[in-house]
Amino acid sequence: MVMHAPWNVRGIIILSLFYQFTLILLAPLRRKRGSSKLVLIPLWVAYLLADFVASFAIGLLIYNEYENQEMLTLWAAFLLLHLGGPDSINSISLPDNQFWLRHSIGLITYAGSTLYLILLSLPQNKLWIPTFLVLTTGIIKASQRINALFHASFDHYGDEVANVSFLEKAAATQPDSFLTGLMLRKELAPHGTIKNLLVGPLISPERRKFSRSTFLRKEAKDVLGMIEIELSLLYEALYTKLPVVHCKIGYLLRIISLGCILGAFLSFRSFTKQSNLKKPDIWLTYILFIEAMISDLISIGLLIFSDFSFLSYYYWEENPGYKIMVWDEEYENMDEKVINRSRWSKTISCCNLITNYFTDCPLWWKKFASHWLQINVNLFLENVKVQNLEEDREWHFIFNELKRKAQDAETVEMGKEICLKRGDGILHSHENYKHLIWSVKDLDYTESLLTWHIATEFCFQYDDSNPVSDNMDYKVISKLLSDYMFYLLEMQSNLMATVSVDRKEVCKRACLDIQTYFTEQHILNEKDLSRKIFTASHPETCVSSGSERTSVLLCAQKLARQLGEQNSFPWKLMSQVWVELMSYAAITCRAKAHAQQIRLGGELLTFVWLLMNHLGLGTQFSTEQISHPGQTDQQEPDEHELAIT
């Protein structure tokens, strides 16, 4: 045991170090490249194993005999520091925040074990000073991690919201419309108020009116930048330690922890000059010190350039009954690189049900996998592509469409009615295309989405219009949104669960219909398919022969032919329908699903959801003034007092 103990211990400590470096390097990348498996898988493995390896190593140190027992105690203190983890990642998903109590019990257990190991080494331990300094840092960081998990948990957060006074609550209960710069409670800001995106009762009509009027005057680019900041703040509040670090106590503890590490390093360095410790142990300890200092320096940099620090450019103006956060004039002098830095990759994932069948994978295997092995179609969607979202094209079009709808939503009831349209709103407004309403009214959401997705692909492949025509942008937008919504339907079930309950069965039937049609018609490629769709005769019914179920393929064929009845395809209309289909999915999706998705960089659907609520298009608004005990008459804040951007 004694002979093998040193390298057993060194090996497990090196492994713990490796996981810590992995978390430090990869955690900042998951928001921009979270969908990349090269980032996500190593980060996920490191997060899950980091705590296990550190706790296992502490137990290994306690039950090992080693001639340099003081080194074991110092290493145990470093392992407790590893349990605290880096500031850039505190949880890998929302449910992890609910386990703050389990982490608390673990901290008490590991800290007690480490302290027991240190006491056993006394009074012979000549490294007790650096050991206690590192132990202090470890307890601070582990406590901050638990505190951050506690504040990010939904149960505790609901209690925070319930204790807010009326006017503060009017802001705190605006989970989808007011996240930045609106009547924040000082002791909850900034991390407490941001999380109101996930919980809270209805929003007063006065708050909705102010938000709507403000955002109707904004430009698409400005709103996109603001939403990026809001989602970045939400990410930092839910998945990092920044909320508990960015406060007076957090600053003080960070200074203490950094001072303890530097003091421990100097103390250990002076001790090694007059000791006969083994060189492998000395170098391993130096690496532990270097990792701890690098982690602290990165945390300081993360804190300085975080969006929580960005909010420090606001200042608090005391007002009777409530706090208003006002924009500091020095904002204009801030470095544009800091303010305008990229917080979102501006990319979306896309895949297409039709083009997927013209890949290298044999068709017989796809038929076998879906029919006999009962494998869902998303397991062999091989053509998932990442597409750039053009800010001046796709986002500008989406923003203008939602802005146009919001202009008609004068009341809460009108806003609720408009946001629940899923294509029928646009079709009703065009006299020449009212006959297409069956494609959204007579079908459920999943069938309607698949019908429009397949029909859009048919029209896209058949259309040979001038590529430089004015209609070309709408054609590209329609294709992009169509493929994106199909990707969400198949790959992001958590986002589409509330609007597409039977999506698996509907998609499976659609795939089987397409496979059968391809086989019977001897389809060679997408162009050949589109040509046969528009030239061959087809039954007008959407019901499959020999069954009473609706055939999505037949519905798509009927819709595509009706869209092509004019001289050219109505690509602008089709783009508007896709915006309605997307906005319906965004507003009916659970808020927690959106918050869960931002850890991977955020979806366009989440941006649309937040934008709709900013514009007053949502279902969480109250039709009556919110009143609470102790309410006093307050004058509505002026526009310049509630500066949002």
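Whatever comes next refers back to the structure up there.
Residues numbered from 1 in each chain as written. Predicted model: local features only at pLDDT ≥ 70, side-chain atom pairs only at ≥ 80, totals over all residues. Heavy atoms only, no water.

S.K.: Just to check I follow, could you spell out the packing of helix 25 (residues 503-521) against helix 27 (residues 552-563) for this structure?
M.R.: Pairs of packed helices are described in terms of their axes, by the angle between the two and the distance that separates them. Packing of helix 25 against helix 27 brings their axes to within 8 Å, and their N-to-C directions diverge by 70 degrees. Looking at the two axes, helix 25 sits roughly perpendicular to helix 27. Packed against helix 25, whose contacting residues are Val506, Ala510, Asp513, Ile514 and Tyr517, the element helix 27 presents Val552, Leu553 and Gln557 at the interface. (Axes fitted to C-alpha atoms, helices over the stretch in contact; angles between N-to-C directions. Helix = DSSP H or I, 4+ residues; strand = E, 2+ residues; numbered from the N terminus. Parallel < 35°, antiparallel > 145°, perpendicular 65-115°, else oblique. Contact = heavy atoms within 4.5 Å.)

S.K.: Is there a simple way to think about the side chain of glutamate 394 in this case?
M.R.: Residue placement: glutamate 394 occurs in helix 18 (residues 391-408). For glutamate 394, a relative accessible area of 1% puts it in the buried group. At 2.8 Å, the side chain of glutamate 394 forms a polar contact with the backbone nitrogen of glutamate 390. (Buried < 20%, exposed > 50% of the residue type's maximum accessible area, 1.4 Å probe, protein only. Polar contact = N/O pair within 3.5 Å; in protein donor to acceptor, adjacent residues only side chain to side chain.)

S.K.: Looking at this model, I keep getting lost on the packing of aromatic side chains. Mind explaining?
M.R.: To describe a pair of aromatic rings, one takes the distance between the centres and the angle between the planes. In the structure shown here, the tally under the stated rule is 15 aromatic pairs. Here phenylalanine 268 and tyrosine 286 contribute two aromatic rings whose centre-to-centre distance is 5.6 Å and whose plane-to-plane angle is 85 degrees, an arrangement assigned as edge-to-face. With phenylalanine 268 in helix 13 (residues 248-272) and tyrosine 286 in helix 14 (residues 279-304), the pair connects residues that are 18 residues apart, well separated along the chain. Taken as a pair, phenylalanine 268 and tyrosine 286 share a single burial class, namely buried. With a centroid separation of 5.3 Å and 35 degrees between ring planes, the pair formed by tyrosine 445 and tyrosine 584 is classed as tilted. Residue tyrosine 445 is found in helix 22 (residues 445-462), and its partner tyrosine 584 is found in helix 28 (residues 571-588); the two are separated by 139 residues along the sequence. Grouping residues by exposure puts tyrosine 445 and tyrosine 584 together as buried. (Phe/Tyr/Trp six-rings, centres within 6.5 Å; stacked < 30°, edge-to-face > 60°.)

S.K.: Explain the pattern of salt bridges to me, please; I cannot follow it from the model alone.
M.R.: Side-chain pairing between opposite charges can occur once the charged atoms of the two side chains come close. Following the criterion strictly, the structure yields 17 salt bridges and no others. Among the ionic pairs, lysine 141 bridges to aspartate 296, the shortest N-O distance being 2.5 Å. Note that lysine 141 is positioned in helix 6 (residues 128-152) and aspartate 296 in helix 14, a separation of 155 residues in sequence. When its relative accessible area of 1% is taken as the criterion, aspartate 296 is described as buried. A salt bridge links glutamate 457 to lysine 479, with the shortest nitrogen-to-oxygen separation between them at 2.4 Å. Taken as a pair, glutamate 457 in helix 22 and lysine 479 in helix 23 (residues 472-491) lie far apart in primary sequence, 22 residues in all. (Salt bridge = Lys/Arg side-chain N within 4 Å of Asp/Glu carboxyl O.)

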